[in-house]
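# Overview (structure and organization)
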Amino acid sequence: MAASVREKQTVALKRMLNFNAPPLKNTAAEPVWKVLIYDRFGQDIISPLLSVKELRDMGITLHLLLHSDRDPIPDVPAVYFVMPTEENIDRICQDLRNQLYESYYLNFISAISRSKLEDIASAALAANAVSLVTKVFDQYLNFITLEDDMFILCHQNKELISYHAINRADLQDTDMEAIMDTIVDSLFCFFVTLGAVPIIRCPRGNAAEMVAVKLDKKLRENLRDARNSLFTGDSMAAGQFSFQRPLFVLADRNVDMATPLHHTWTYQALIHDVLDFHLNRVMMEEGAGAEPSPAGARPKKKSRKTYDLTAADKFWQKHKGSPFPEVAESVQEELDTYRAQEDEVKRLKSIMGLEGEDEGAISMLSDNTAKLTSAMSSLPELLEKKRLIDLHTNVATAVLDHIKSRKLDVYFEYEEKLMSKSTLDKSLLDIISDPDAGTSEDKMRLFLIFYITAQLAPSESDLEQYKKALTDAGCDLSPLNYIKQWKAFTKMAATPANYGNSGVKPMGLFSRVMNTGSQFVMEGVKNLVLKQHNLPVTRILDNLMEMKSHPETDDYRYFDPKMLRGSESSIPRNKNPFQEAIVFVVGGGNYIEYQNLVDYTKSKQGKKVIYGCSELFNAAQFIKQLSQLGQK
């Protein structure tokens, strides 16, 4: 199997940190010590991929932000990894003038323009530092890989390319061009890193189509320019996936507005929904005042804890897509096995304490020494295991608190029924007016899903009734205003997005699983199990990847940047199903869709699917964007 994007991007970064030479194999040699200077963009790209320890192994002693006050370190080379923006370039020129470092390796995250290069050159001349600027590289790494099969475009200025930015009513054409250029630049970097020229498919008449047209043009121009093409030569030969090219499906967020609002039931998506989870890092408030502080004392300051959920964490890799009840059970099992191991070490220790100098103890000593040695050698492993168990215990407990206090299981089950058009066991009004069920935001999400998926819009009188109930529950109605416009505007009204016959099977309450010794008190939380069903984005991919004919995707446009003339037709040249595909959602994505694609891929032998989106938002962030759009 070819290397994943995550591996390719990591290799590219390591190469860059090694002054753009392939990293040496012999580890005996001491690395060259150097400093790494990055901007926020560079930081976001590196942090999900390389830990501080890995950076140190590469010889990075210091890593600093470009726009921080940095002291001169005259005898050390500096590797810069920054975006080619005006203020970054100015700051680099200033560094050259101040003679901060011994030599400068300038790496730009995305391609730098001729005029900006000239600015650096003239600054270097003026500072008499031309010989110090050793190398200037365009790295084409302007995207962030979060998983082996998932990437996002940026984290810093994501509001510039957000759903809100693309769908604003007062959007000028020039603004739209700029947004599209930003997205295309990142996607271009992605394909350069991947080392493959895709075949592009997209729907007509929305932002996704604009991205496709621009990306096709950019790839085409690069392939034509034989001398500087980024898709030829050794990088390509090494990066060849298979003889077949990947399919690149561009989807627009407007295809499916219900999923981003949906309450979810799998571990990773739940963490993203209810906790603060960015770039694979969870931020949590610790110990929210369990014990009351003595009278007159200042209240304890909440400490913030961060946890990294990484690819190296086996438990995470195995369970991030599991339904939450399974996760709670597995954490408990892990904890039990760990305790058993710990007890074994303790038992050996007490024997080694040699109670009483009798004969038996001495003879036992010899065979226990061997046991203890083996127990000691597994200690680092045990400690790491302990750290991961603690991490997941804390994270899962925090998630569980949200589920219980907001009745998220009820919401999840109800929304699944709405989305699969099955019979409902209680009325929507009941849930909205139940003060114990969830926050006002949860209620708004539920109602929007009802409104989006309804075949017939509710009558005016019903709508007024709902609105009153929502307002009483403390909801802000502006997202609804936008969704109403959206529904009137999209032709989808004729064929509402079909969410498959999902459905969930409640498995009785948790009492059975969670026996008394458990960390997780799950009483009253429904043990729901998911049935596999495809969300709209997954279904579109399936049609295009398997070359199925389907009214939903038949008039998708077809671009092949390798064809000489851009002949405009939607007739696919190759009739074979694709083995590899990249799905990219313009306007933002979420972990629910990602997980749905992962599950889809598991059921297909030998297929590989990567999910990308212009930004990753959870329901709260999405609702915020909708309400901004609805306030206009």
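The protein carries the name Sec1 family domain-containing protein 1 in an unreviewed UniProt entry, which gives Amphiprion percula as its organism. Entered under Sequence similarities (unreviewed entry) in the UniProt record, the comment concerning the protein runs "Belongs to the STXBP/unc-18/SEC1 family." If you open the UniProt record of the protein and go to Function (unreviewed entry), you find "Plays a role in SNARE-pin assembly and Golgi-to-ER retrograde transport via its interaction with COG4. Involved in vesicular transport between the endoplasmic reticulum and the Golgi."

## Here's the deal with the overall build of the protein
Across its full length, the protein carries 22 helices and 17 strands. For the protein, the proportion of its 632 residues judged to be buried stands at 52%. Once local pairs closer than 6 in sequence are excluded, the contacts in the protein between residues at least 24 apart make up 79%. Put simply, the protein shows about 29800 Å² of open surface, and 54% of that area lies on carbon and sulfur atoms.

## A look at the sheet that holds strand E4 (residues 101-108)
Taken together, the 5 strands give an open sheet; going across it, the order is E2-E1-E3-E4-E5, and neighbouring strands pair in parallel fashion. With partners counted over all chains shown, the strands left at the sheet margins are strand E2 (60-65) and strand E5 (133-138), one partner each. For this sheet, the mean angle separating the axes of adjacent strands, direction not counted, is 20°. Of the strand pairs in this sheet, E4 and E5 are connected by 5 bridges, and their pairing is parallel. Pairing of Tyr-104 across the sheet is with Val-133, part of E5.

## Here we look at the confidence of the model for the protein
Of the residues in the protein, 83% reach a pLDDT of 70 or more, and the chain-wide mean stands at 82. Confidence, expressed as mean pLDDT per element, reaches its minimum in the protein at helix H9 (residues 233-239) with 44 and its maximum at strand E1 (residues 34-38) with 94. Note on residues 234-242: pLDDT under 50 across the span, and 15 contacts to partners over four residues away in sequence or across chains. Confidence over residues 492-496 falls short of pLDDT 50; this stretch has 4 contacts with residues more than four positions distant or in other chains.

## Concerning a negative patch on the surface
Taken together, the side chains of Glu-86, Glu-87, Asp-90 and Asp-119 make up a negatively charged region of the molecular surface. Sort the elements by how many residues they give to the negative patch and helix H4 (residues 86-97) lands first, with 3 residues. The class for Asp-119 is partly exposed, based on a relative accessible area of 36%.

## Side note on the sheet that holds strand E10 (residues 276-278)
With antiparallel pairing, 3 strands are arranged side by side in an open sheet as E10-E11-E12. Since the sheet does not close on itself, it has two edges, and those belong to E10 and strand E12 (303-308), each with one partner. Adjacent strand axes in the sheet meet at a mean angle of 25°, parallel and antiparallel pairs treated alike. In this sheet, E12 lies alongside strand E11 (residues 281-286) in antiparallel orientation, the contact comprising 6 bridges.

## Here we look at the packing of aromatic side chains
Here the structure, examined in full by the defined rule, presents 26 aromatic pairs. Arranged with centres 5.7 Å apart and planes meeting at 35°, the rings of Phe-277 and Tyr-591 form a pair that is tilted. One end of the pair, Phe-277, is in strand E10; the other, Tyr-591, is in helix H21 (residues 591-602), with 314 residues separating them in the sequence. Residue Phe-277 is classed as buried on the basis of its relative accessible area, which comes to 4%. Grouping aromatic residues by their ring pairs yields a cluster made of Tyr-267, Phe-277, Trp-316, Phe-324, Tyr-591, Tyr-594 and Tyr-611. When the ring centre of Tyr-451 is taken as reference, the NZ or CZ atom of Lys-487 above it lies at 5.4 Å.

## Focus: the pattern of salt bridges
This structure, assessed with the given rule, holds 30 salt bridges. Two residues, Glu-118 and Arg-114, come together in a salt bridge whose shortest N-O distance is 3.2 Å. Of this pair, Glu-118 and Arg-114 both sit in helix H5 (residues 114-126), 4 residues apart, roughly one helical turn. Given the relative accessible area of 66%, Arg-114 is considered exposed. Across the pair Asp-181 and Lys-214 runs a salt bridge whose closest N-O atoms are separated by 3.0 Å. Of this pair, Asp-181 sits in helix H7 (residues 173-194) while Lys-214 sits in helix H8 (residues 207-224), and the two are 33 residues apart along the sequence. By sharing partners, the salt bridges in this structure join Arg-6, Glu-147, Asp-148 and Lys-320 into a single network.

What counts, and where the lines are drawn
Residues numbered from 1 in each chain as written. Predicted model: local features only at pLDDT ≥ 70, side-chain atom pairs only at ≥ 80, totals over all residues. Heavy atoms only, no water. UniProt positions renumbered as here; feature names shortened; annotations may be inferred. Helix = DSSP H or I, 4+ residues; strand = E, 2+ residues; numbered from the N terminus. Buried < 20%, exposed > 50% of the residue type's maximum accessible area, 1.4 Å probe, protein only. Contact = heavy atoms within 4.5 Å. Areas by Shrake-Rupley, 256 points an atom, 1.4 Å probe, with all protein chains shown as cover. Pairing = 2+ DSSP bridges. Axes fitted to C-alpha atoms, helices over the stretch in contact; angles between N-to-C directions. pLDDT = per-residue confidence, 0-100. Patch = residues over 30% accessible without salt bridge, like charges linked within 9 Å, V, L, I, M, F, W, Y side chains within 5 Å. Salt bridge = Lys/Arg side-chain N within 4 Å of Asp/Glu carboxyl O. Lys, Arg positive; Asp, Glu negative; His and termini not counted. Charge placed at Lys NZ, Arg CZ, Asp CG, Glu CD. Phe/Tyr/Trp six-rings, centres within 6.5 Å; stacked < 30°, edge-to-face > 60°. Lys NZ or Arg CZ within 6 Å of the ring centre and 35° of its normal.

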